[in-house]
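# Structural features, examined
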Amino acid sequence: RSGNVPCCAVSRLPRKLLDACLGRLNLTDYFDGRVVCAEDDRDRAQQAFLHAAVELGRQPSRVVVFSDSVDDLIAAHEAEMRAVGVVGAHPAYELRVADLVVRDLDELRLANVRKLFADVDFDPLPELEVLLETEAPPVDTLYEDLDDDYDDDGPDFFS
């Protein structure tokens, strides 16, 4: 919380159960209601992670996924996100696909997460920029620049 880093919980659990779990673990305040869950109807983890990026208002390349699942870590990379593997269901050597592996989230520091983005130049532009469509010129103005002095009585090269 002190790093002012926005977070989103992504889970295959139904929303009600996920909210109960986050509450029981005293994690609700970290997410400010930003969750992606079973009701969001995402077929693949990659889609859920991209949905989370939208919830956060971040480009996928500026998002970190924390997971103990090898498949989730791979899905994070497929979505062009960084991935931190958390030892749990799988041993550390199976989580090598992650950009960083930690044995416990308590050993993780914000500085370590920031190092994951050391190769990225951040521009000051807004995270998700809306591009406005430009109007096409009216059809009758498209031909204004054509030469009106065209001579139909000129020489015929095909006779």
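Described below are features of the structure shown in this document. Everything numeric here is computed off the predicted structure, so don't read it as measured data. (Residues numbered from 1 in each chain as written. Predicted model: local features only at pLDDT ≥ 70, side-chain atom pairs only at ≥ 80, totals over all residues. Heavy atoms only, no water.)

### Focus on the overall build of the chain
Stated precisely, the cut-off is as follows: Numbered from the N terminus, helices here are DSSP runs of H or I no shorter than four residues, and strands are runs of E no shorter than two. Only protein chains enter the calculation, and the probe is 1.4 Å; a residue is then buried if its accessible area is under 20% of its type maximum, exposed if over 50%, and partly exposed in between. Throughout, a residue-residue contact means that at least one pair of heavy atoms, one from each residue, lies within 4.5 Å. What sets the accessible areas is the Shrake-Rupley method with a 1.4 Å probe; for residues, cover comes only from the shown protein chains.
Scanning the chain for helices and strands turns up 5 helices and 5 strands. In the chain, the order of α-helices and β-strands from amino to carboxyl end is β-α-α-β-α-β-α-β-β-α. Looking at the chain as a whole, 26% of its 159 residues are labelled buried. Long-range pairs, those at least 24 residues apart, make up 45% of the contacts in the chain with a sequence separation of at least 6. Within the structure as shown, the chain displays about 12100 Å² of accessible surface, and the carbon and sulfur contribution to it stands at 51%.

### As for the pattern of salt bridges
Here the idea is simple: oppositely charged side chains can pair when their charged atoms come close. Our working rule: By convention in these notes, a salt bridge is any Lys or Arg side-chain nitrogen within 4 Å of a carboxyl oxygen on Asp or Glu.
This structure, assessed with the given rule, holds 4 salt bridges. A salt bridge links arginine 12 to aspartate 72; the shortest N-O distance between them is 3.2 Å. Here arginine 12, found in the loop between β1 (9–10) and α1 (15–24), pairs with aspartate 72, found in helix α4 (residues 70–78); they are 60 residues apart in sequence, far enough to count as distant. Under the relative-accessibility criterion, aspartate 72 is labelled buried at 11%.

### Notes on unusual backbone geometry
Positive phi is not limited to glycine here, since asparagine 26 has a value of about 55°. With respect to the element layout, asparagine 26 can be found in the loop between α1 and α2 (28–31). With a phi angle near 45°, aspartate 32 is a residue other than glycine that sits in the positive phi range. The class of aspartate 32 is exposed, set by a relative accessible area of 59%.

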